[in-house]
Amino acid sequence: MASVTKSNAQRHSMVFWDEMTDRVAADYPDVQVTRYHVDAIAARMITNPETLDVVVASNLFGDILTDIGAAIQGGLGFAASANINPLSAGPGMFEPVHGSAPDIMGKGLANPLATLWAGALMLQHMGETAGAAALMTAIETVTGAGAGTPDMGGSLSTAELAQAVQSVL
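Residues numbered from 1 in each chain as written. Predicted model: local features only at pLDDT ≥ 70, side-chain atom pairs only at ≥ 80, totals over all residues. Heavy atoms only, no water.

### Here's the deal with the sheet that holds strand β1 (residues 2-5)
Phase 1: Across the sheet, which stays open at both edges, the three strands sit in the order β2-β1-β3 with parallel pairing between neighbours. If you trace the sheet from one side to the other, it starts and ends with β2 (34-37) and β3 (55-56), each paired once.
Phase 2: In this structure, β1 lies alongside β3, joined through two bridges in parallel fashion. Opposite A2, over in β3, you have V55 as the bridge partner.
Phase 3: Sitting on the sheet, helix α2 (residues 38-47) is in contact with β1, β2 and β3, with an inclination near 95 degrees to β2. (Pairing = 2+ DSSP bridges. Helix = DSSP H or I, 4+ residues; strand = E, 2+ residues; numbered from the N terminus. Contact = heavy atoms within 4.5 Å. Axes fitted to C-alpha atoms, helices over the stretch in contact; angles between N-to-C directions.)

### Some words on a nonpolar patch on the surface
Phase 1: On the surface, M1, V24, Y28, V31, V33, V54, V56 and L87 cluster together to form a nonpolar patch covering roughly 650 Å² of accessible area.
Phase 2: Mapping Y28 onto the fold places it in the loop between α1 (13-25) and β2. (Patch = residues over 30% accessible without salt bridge, like charges linked within 9 Å, V, L, I, M, F, W, Y side chains within 5 Å. Areas by Shrake-Rupley, 256 points an atom, 1.4 Å probe, with all protein chains shown as cover. Salt bridge = Lys/Arg side-chain N within 4 Å of Asp/Glu carboxyl O.)

### Digging into the pattern of salt bridges
Phase 1: Considering all chains together, one arrives at three salt bridges under this definition.
Phase 2: We note a salt bridge from D18 to R35, for which the minimum N-O separation is 3.6 Å. Of this pair, D18 sits in helix α1 while R35 is found in strand β2, placing the two residues 17 residues apart along the sequence.
Phase 3: For D18, a relative accessible area of 6% gives the class buried.
Phase 4: For D22, the salt bridge is made with R35, and the minimal N-O distance between the two is 2.7 Å. Taken together, the residues D22 in helix α1 and R35 in strand β2 connect sequence positions 13 residues apart.
Phase 5: Residue D22 is classed as partly exposed on the basis of its relative accessible area, which comes to 43%.
Phase 6: Overall, R35 belongs to the partly exposed group, its relative accessible area being 42%. (Buried < 20%, exposed > 50% of the residue type's maximum accessible area, 1.4 Å probe, protein only.)

And the structure:
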């Protein structure tokens, strides 16, 4: 697990972050925790993203890093996120990283794949592994055939791309 900090520059909040990370990590001795400064992990995500698995960060750093991750995988329209409390029976929060995109609202330009992918993450979390796999296969089938919204170099609208995924399902 990578813990993202900047305790060398933020001597109060990030030192506290590091202390709390160490305290929680003590309860999970089988999990190796590596501390990274936010600028170093940003560079690592760009140059060697395959070396990272779980990244734990504050909201500020997490927001920046998820945008970097989205850019690496092709753009904000692809990136799904899941915020899960493993100690709670309550639901997690599953959403696209890109947010609401008010600048393109109502224009049919929004890429629906991150929303659909977030749905697959939710299905997986709920134990609906077959449904999650079917949705991911449908997304892969449609995008593998070259279908996409303008941000992907395609010509489909939001609804048309969603309908293409639905037709594969």
